[in-house]
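Each chain, written out:
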Amino acid sequence: LMIVGVISAAEFYFRSILGRIVQICPLCSRAAESAQVPLGSFDYYGGSDYCFVLGAMEHESFADADRVANYIKRLTGFKTGDDSSVVAALAGYEALCEVRHCLAHARGFVGLKGSRAMALDQRTLSKVLISQEGALELLKLSHNGVRAVNRFLFESLVDRWIDRDILRGDWAEDRALFALAWRAFFVAGEDAFNGNVRAAYSPVRRVVAKRKEAIAAKA
């Protein structure tokens, strides 16, 4: 039950962060503009903290690494295949999802598809047996997947904003947008800057300044 619950939470994270990034970023919004969303989603999610874009994903299962990667590409334009750490983390997450499938839909038995997906050497019907230590190791796969996607999306978002001159390198100009992004991806007090958004912005400002210097040198 713990494994099923953790995977469910991870799936909802993928959905909610994709909806949020479309809200925050005008470029992601442009990438996602062809996605089909039920009309009722505008009203249904309107009174919540979640974006109506979740309506485009309600009929999809995110217990699949390719599905997660495809929706990231579809709604943001970012290609996870360009980041090997995300690919590896999502592969581990998908293996965990196969274990969940066996537990939830097959009374713990591993069928041929699950055996192939988890690259098991044993070619006979088997059953999932999980010790306490093993369960904790399995849960790390979900944690790693969420952390990798979270890092990838935030870094890709900021890099794109820098490349497209959306971030100007001035705190007064960039504060509102950068703060929205930072608070969407980080928990205040649990980040490297102890909740200080301006301090988190400082490395970004330096990158923008260097980029401007490089452009000016070529002019």
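Scope of this entry: the structure provided in the associated data block. Everything numeric here is computed off the predicted structure, so don't read it as measured data.

**What about the packing of helix α5 (residues 84-105) against helix α7 (residues 132-163)?**
The description of two packed helices rests on the angle between their axes and on the distance between the axes. At their nearest, the axes of α5 and α7 sit 8 Å apart, and the two run at 145° to each other. Relative to α7, the crossing made by α5 is left-handed. Between α5 and α7, the residues in contact are Ser-85, Val-86, Ala-89, Leu-90, Gly-92, Tyr-93, Leu-96 and Val-99 and Leu-138, Leu-141, Ser-142, Asn-144, Gly-145, Ala-148, Val-149, Arg-151 and Phe-152, respectively. Residues that form the contact of α5 with α7 fall into these classes: 11 nonpolar, five polar and one charged.

**A word on the pattern of salt bridges**
Pairs may arise between side chains of opposite charge once their charged atoms sit close together. Taken as a whole and assessed by the stated rule, the structure comprises eight salt bridges. The closest approach of N and O atoms between Arg-100 and Glu-11, which form a salt bridge, is 3.5 Å. Here Glu-11 lies in helix α1 (residues 2-24) and Arg-100 lies in helix α5, a separation of 89 residues in the sequence. Grouping residues by exposure puts Arg-100 and Glu-11 together as buried. Here Arg-67 ties to Glu-60 by a salt bridge, and the two come within 2.7 Å at their closest N and O atoms. Judged by relative accessible area, which is 28%, Arg-67 ranks as partly exposed. Take Glu-60: its relative accessible area is 19%, and that puts it in the buried class. Connected through salt bridges with shared partners, the residues Glu-11, Arg-15 and Arg-100 form a single ionic network.

**Some thoughts on helix α4 (residues 65-76)**
Compared with the 16 Å implied by 1.5 Å per residue over 12 residues, the 16 Å span of α4 between its first and last C-alpha is a close match. Every buried residue of α4 is listed here: Ala-65, Val-68, Ala-69, Tyr-71, Ile-72, Leu-75 and Thr-76. Seen along its axis, α4 keeps its buried residues to an arc of 165°; they face one direction. Of the surrounding secondary structure, the elements contacted by the buried residues of α4 are α1, α2 (26-31), α5 and α7. One side-chain oxygen of the residue at the start of α4 lies 2.8 Å from the amide nitrogen of Asp-66, identifying that residue as Asp-64.

Here is what the cut-offs are and how they apply
- Residues numbered from 1 in each chain as written.
- Predicted model: local features only at pLDDT ≥ 70, side-chain atom pairs only at ≥ 80, totals over all residues.
- Heavy atoms only, no water.
- Axes fitted to C-alpha atoms, helices over the stretch in contact; angles between N-to-C directions.
- Helix = DSSP H or I, 4+ residues; strand = E, 2+ residues; numbered from the N terminus.
- Left-handed = near helix turned anticlockwise from the far one by under 90°.
- Contact = heavy atoms within 4.5 Å.
- Nonpolar A, V, L, I, M, F, W, Y, C, P; charged D, E, K, R; others polar.
- Salt bridge = Lys/Arg side-chain N within 4 Å of Asp/Glu carboxyl O.
- Buried < 20%, exposed > 50% of the residue type's maximum accessible area, 1.4 Å probe, protein only.
- Expected span 1.5 Å × (residues − 1).
- Arc of directions from axis to C-beta.
- Polar contact = N/O pair within 3.5 Å; in protein donor to acceptor, adjacent residues only side chain to side chain.

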